[in-house]
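# Coordinate analysis (summary)
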Amino acid sequence: MTAGSRASEGVEAAGQDPAAEHEIELAISGMTCASCANRIERKLGKLDGVAASVNYATEKARVSYPEGVSPDRLVETVEAAGYGAVLPVRETPDTTGAPGGSASAEPVDREAESLRQRLIGAILLSVPVIVLAMVPPLQFDNWQWASLALAAPVVVWAAWPFHRSALVNLRHGAATMDTLVSMGVSAAFAWSLYALFFGGAGMPGMTHAFEFTIQRGDGSTNIYLEVAAGVTMFLLAGRYFEARAKRRAGAALRALLDLGVKDVGVLRDGREERIPVDHLGVGDRFVVRPGEKIATDGVVVDGVSAVDASMLTGESVPVEVTEGDTVVGATVNQGGRLVVEATRVGGDTRLAQMAKLVEDAQAGKAEVQRLADRISGVFVPIVIVLAVGTLIGWLATGGAVEAAFTAAVAVLIIACPCALGLATPTALLVGTGRGAQLGILIKGPEVLESTRRVDTVVLDKTGTITTGTMTLGAVHVAEGTDRVEALRLAGAVENASQHPIARAIADAAERELGDVPEAGDFATTNGLGVHGVVDGHAVVVGREALAREWSLTLPDELVAAKEAAERNGSTAVIAGWDGEARAVLVVSDEVKATSAEAVRRMRSLGLRPVLLTGDNDAVARAVATQVGIEPADVIAEVLPEDKVAVVERLQSEGRVVAMVGDGVNDAAALACADLGLAMGTGTDVAIEAGDLTLVRGDLTAAADAIRLSRRTLRTIQGNLFWAFGYNVAALPLAAAGLLNPMLAGAAMALSSVFVVTNSLRLRRFS
């Protein structure tokens, strides 16, 4: 789904009653595979007007519901399906105010601890059973009864989570992965009991060979205690490592949530008072000492320092801040003492919004995940039918009962679609978390599909390729004119103006000369410049047209300086006094140091960069030349409302377009593009309209974001190929009796661990 279609949906939704639809996130417990998530979605979807998306990896359900449905009813529906659901608890923002907090960490730890205890017990009891079955010389008299004593606790106690889940689902007329596991383990154990008590396997001195190979066999007088115990052990191991890996996968988000501070020193009546950070309000002034974290978003009102924002932006170079500069909560003050006035607190802070974006992305589902869920939803019943068919088929063709039973159990064990259910959410979990660490916020999983198809990237100029801040470069003076005097007089007049070009000249004069004099009789000529009286001199500063109005003629050397500046894409400002043009001041919006490298990286990703700007053509082409964009791909002098038309025109030519921008005037184009990348240093409107937010405002982050998204998508595709291909390839082997059930259980557990481990490789993305 493109950003454009989402924008149109938003317009349609805007016409509806806002109270008619609510959204809530439920914490789900008791899920054991993707088919569980699929079943919960179906149950919730049967309620009128309710739509749900359940994520197996994050164990959360995002539910939209109409006015007539209460959240308690949603919980009851989930519980009626045999699972647990908890309504969200509003946390006090004692750290960051970020949504969700870390409350979910505790249940995950308890689950992992329970699995660990059962796994240890299963290993201690199963290994002797497996060794006895595999090594005939160790099979002493009545060894089979010793194996039964050891295997029984494994099958009953260690495998209880599988049996419990299977029974719950059976009561609700459903089947999941645990149904397959429970059936396989129980069948192996039940057959062994039959063979021991009613067959020949219980006779003293009985021995049998065990070959851990892929082969056909009749298993005459065999017991399958090693299969029941071994499969349980391997599956518990797989589930335990899966639980640990899923927790590691969400570590980036928890790290974000844990960045905030606990308390803060607030200035009250001239004294510093330590208070919990959740008591901090907008407008409060608080102290940040060197080495401390800034408690919340605010504006520096006193002090000069360097702030390390690497935890939020991925940018390693500290940023210099002084009075009037904005700072972000959870960043670290590395220099002097700062006094900051809070502008945002709790859930409104930049950190909280980042965490919310990451949570939203991890809770969503990509299209490939929806396909996997649909497959998982029908896979389990098909496998049960296939296992029964395998048993009947073997018996009908004259096969031994033992061989028929072995093949049927192997089908049940090998087919568990656990890896299929983990393939997408674990990769998405790790990829979005790693992106957050690097200052790249992916809004939703559908973004991943968009990045794969993008072939053209449209770049806004001001604030994206350039800094967005005008700065004074060179000061060219006429013969006989002092440069310092020219800067002093021009700076004095411009100091009375708020125009960006005027501020660039005035700020440069103040930095270089200190205080500048005040200008009298100040006046502005709209669009042309300013004039005033400074120290008895009638000073004019502005465009060439204003100089002509005042009968100021440029000498040849200043004409050459002006033309050279304009060729380079800079703005030439003429300054004159006492009836003569005396200087040309060159002002420009500097190209960011990393923009050329960013364009090079985009080309290496197969993207065609296009520069789109409302600035004049000469300036646009000069900037394009500096960063390596072809002149044919420069679209200049475009009005804000026409940017959408440019994106649509490129799309009509068959291109899949990404748009990178930062301003209000870019918001519509960001929403219209197939992929919108908003600079985090830009306006809230632009950030809201984009699909990806680049926190640090560096254009190289755009290339990194596309690389990370594509890498995440490739990981998902690789996981799905492995998980689905594994089931497709292994099922015929199992049905043909060529796959030992214990080997099948080990392989199934390893496939899940492989998928999660493969996803964790994304943590190394740089």
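Remember, it's a predicted structure, so these values are computed and weren't measured experimentally.

What follows covers the environment of Ile130. Position of Ile130 relative to the elements: it lies in helix 4 (residues 105-134). According to the relative accessible area criterion, Ile130 is buried, its value standing at 10%. With 94 residues separating them along the chain, Ile130 and Tyr224 place their C-alpha atoms 9.9 Å apart.

Moving on: the pairing of strand 13 (residues 338-342). With 4 of its 5 residues buried, strand 13 lies for the most part within the structure. As defined by bridge partners, strand 7 (residues 285-288) adjoins strand 13 across 4 bridges and the pair is classed as antiparallel. The residue of strand 13 that forms the bridge with Arg285 is Glu341. Of the strand pairs in this sheet, strand 8 (residues 298-302) and strand 13 are connected by 4 bridges, and their pairing is antiparallel. By the bridge assignment, Val300 is partnered in strand 13 with Val340.

Listed in full, the buried residues belonging to helix 22 (residues 617-627) are Val619, Ala620, Ala622, Val623, Ala624 and Val627. Positive backbone phi, approximately 95°, marks Gly628, located one or two places after helix 22.

Applying the stated criterion across every chain, the model contains 22 salt bridges. A single network of salt bridges, built from pairs that share partners, joins Glu597, Arg600, Arg601, Asp704 and Arg707.

As a further point, take the packing of helix 21 (residues 595-604) against helix 26 (residues 700-735). Their axes nearest at 7 Å, the elements helix 21 and helix 26 cross at an angle of 25°. In terms of orientation, helix 21 and helix 26 fall into the roughly parallel class. Considering how the two elements wind past one another, helix 21 and helix 26 form a crossing that is left-handed. For the pair formed by helix 21 and helix 26, the contact residues are Glu597, Ala598, Arg601 and Met602 on the first element and Thr700, Ala702, Ala703 and Asp704 on the second. Its residues placed into classes, the contact of helix 21 with helix 26 shows 4 nonpolar, 1 polar and 3 charged.

Thresholds applied
Counting restarts for each chain, with residues numbered from 1 along the sequence as it is written. The model is predicted, so local features are restricted to residues of pLDDT at least 70 and side-chain atom pairs to those at 80 or more, both for listing and for counting; the totals for chains, interfaces and linings are taken over all residues. Each side-chain value is worked out from all heavy atoms of the structure, with water and hydrogens disregarded. Strands here mean DSSP runs of E at least two residues long; helices mean DSSP runs of H or I at least four residues long; both are numbered from the N terminus. Buried, partly exposed and exposed residues are distinguished by accessible area as a fraction of the type maximum, computed with a 1.4 Å probe on protein chains only: under 20%, between the cut-offs, and over 50%, respectively. Here, any two strands with at least 2 DSSP bridges between them count as paired. By definition here, a salt bridge exists when the distance from a side-chain nitrogen of Lys or Arg to a carboxyl oxygen of Asp or Glu is within 4 Å. Interaxial angle, 0 to 180 degrees, is taken between N-to-C directions of lines fitted to C-alpha atoms, where a helix line uses only the stretch in contact. In these notes the angle categories are as follows: under 35 degrees is roughly parallel, over 145 is roughly antiparallel, 65 to 115 is roughly perpendicular, and the rest is oblique. Two helices cross in a left-handed way if the nearer one is turned anticlockwise from the farther one by less than a right angle. They cross in a right-handed way if the turn is clockwise. Contact criterion: two residues are considered in contact whenever any of their non-hydrogen atoms come within 4.5 Å of each other. Throughout this entry, Asp, Glu, Lys and Arg are counted as charged residues, while Ala, Val, Leu, Ile, Met, Phe, Trp, Tyr, Cys and Pro are counted as nonpolar. The remaining residues, Gly among them, count as polar.

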